[in-house]
Amino acid sequence: MPTRLQRRLEQQQPQSIDMSPLLDVVFILLIFFIVTTVFVKETGVKVDKPQAISAQKLEQTAILLAITDAGEIFYDGSNIGVAGVRSTVEQLQRTKARPVVIQADKTVPTQLLLEVIDEAKLAGAQTVNLAALTP
């Protein structure tokens, strides 16, 4: 006949830590950081930019516009044209004021570049910069 101590030991099961809640928390944190990460939207086209000695680093939250050698204006891979610059920049400026950076091909006519700068300024952009390569 087993004693009370032996019966109590038989009834106790080995203690273990349940890892499921910990894994849930880790996955939730991972999803949170992925969703809240700020991604820079590239223009989607390759532009032959001119070189400049005074070139500086690009801000992470800047609005990137590209002007190709064919005179097309791109934002996020879409050809928006000169007429689409103002509405695009206005929409992107609603949540937070951000600088506009224009990546213009070195063969782009000055008139077209000025039209894009004017449209960006009329849309409410405080600063409009030109992208250049550092030597």
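Remember, predicted model here, so these are calculated numbers, not experimental data.

Enquirer: Outline a nonpolar patch on the surface, listing residues and values.
Expert: Residues Ile-17, Met-19, Leu-22, Leu-23, Val-26, Phe-27, Leu-30 and Ile-34 make up a contiguous nonpolar surface patch of roughly 830 Å² in combined accessible area. Examined against the element boundaries, Ile-34 turns out to sit in helix H2 (residues 20-36).

Enquirer: Tell me about the packing of helix H3 (residues 81-93) against helix H4 (residues 110-122), residues and numbers included.
Expert: Taken N-terminus to C-terminus, the directions of H3 and H4 make an angle of 30°; their axes are 8 Å apart at the nearest point. By the angle between their axes, H3 is roughly parallel relative to H4. Between H3 and H4 the crossing geometry is right-handed. Residues Val-82, Val-85, Arg-86, Val-89 and Glu-90 of H3 form the contact with H4, whose own contacting residues are Leu-112, Glu-115, Val-116, Glu-119, Ala-120 and Leu-122. Taken together, the residues of the contact of H3 with H4 break down into 7 nonpolar, no polar and 4 charged.

Enquirer: Before we move on, could you go through the pairing of strand S1 (residues 63-67) and cite the residues and values that matter?
Expert: Where burial is concerned, most of S1 is hidden: 5 out of the 5 residues are buried. Side-chain alternation along S1 places Ile-63, Leu-65 and Ile-67 on one buried face and Leu-64 and Ala-66 on a second face that is also buried. Where S1 meets strand S4 (residues 100-104), 5 bridges bridge the pair, whose relative direction is parallel. Considered in S4, the bridge of Leu-64 is made with Val-101.

Enquirer: Any chance you could break down the nonpolar core for me, citing the residues and the numbers?
Expert: Core analysis: the biggest nonpolar cluster contains 19 residues, and Leu-65, Ile-67, Val-85, Val-89, Val-100, Ile-102 and Val-116 have the highest contact counts within it. With 4 residues, the top contributor of residues to this core is H4.

Enquirer: Tell me about the sheet that holds strand S2 (residues 73-75), and name the residues and values.
Expert: Ordered by their spatial adjacency, 5 strands build an open sheet running S3-S2-S1-S4-S5, and the pairing between neighbours is mixed. The open sheet has two free edges, formed respectively by strand S3 (78-79) and strand S5 (128-130), since each of these has just one partner strand. Direction of pairing for S2 relative to S3: antiparallel, over a ladder of 2 bridges. In the sheet register, Tyr-75 faces S3, and the bridge partner there is Ser-78. Contacts between H3 and the sheet are confined to S1, S2, S3 and S4, with S2 contributing the most and set at about 25° to the helix.

Conventions and cut-offs
- Along each chain, numbering runs from 1 in the same order as the chain's sequence is written.
- In keeping with the model being predicted, local features are shown solely for residues with a pLDDT of at least 70 and side-chain atom pairs are shown and tallied solely at 80 or more, while totals for entire chains, interfaces and linings include all residues.
- To get the side-chain values, take all heavy atoms of the structure and skip hydrogens and water.
- Patch membership needs two things, relative accessible area over 30% and no salt bridge, and members are linked within 9 Å if like-charged or within 5 Å if nonpolar (Val, Leu, Ile, Met, Phe, Trp, Tyr).
- Computed with a 1.4 Å probe, the accessible areas rest on the Shrake-Rupley method; for each residue, only the protein chains presented here act as cover.
- What makes a salt bridge here is a side-chain nitrogen of Lys or Arg within 4 Å of a carboxyl oxygen of Asp or Glu, nothing more.
- The secondary structure listing takes helices from DSSP runs of H or I that are at least 4 residues long and strands from runs of E that are at least 2 residues long, numbered from the N terminus.
- What counts as an axis is a line fitted to C-alpha atoms, over the stretch in contact for a helix, and the angles between N-to-C directions run from 0 to 180 degrees.
- By the definition adopted for this analysis, an angle is roughly parallel if under 35 degrees, roughly antiparallel if over 145, roughly perpendicular if from 65 to 115, and oblique otherwise.
- In a left-handed crossing the near helix is turned counterclockwise from the far helix by less than a right angle, and in a right-handed crossing that turn is clockwise.
- Residue contacts are counted whenever heavy atoms from the two residues lie within 4.5 Å of one another.
- Nonpolar residues are Ala, Val, Leu, Ile, Met, Phe, Trp, Tyr, Cys and Pro. Charged residues are Asp, Glu, Lys and Arg, and all others, Gly as well, are polar.
- Only protein chains enter the accessibility calculation, which uses a 1.4 Å probe; a residue is then buried when its area is under 20% of its type maximum, exposed when over 50%, and partly exposed in between.
- At least two DSSP bridges between two strands are needed for those strands to be called paired.
- We call a set of buried Ala, Val, Leu, Ile, Met, Phe, Trp, Tyr and Cys residues a nonpolar core when their side-chain atoms join them within 4.5 Å.

Interpretation in functional terms is not warranted from these geometric data alone.
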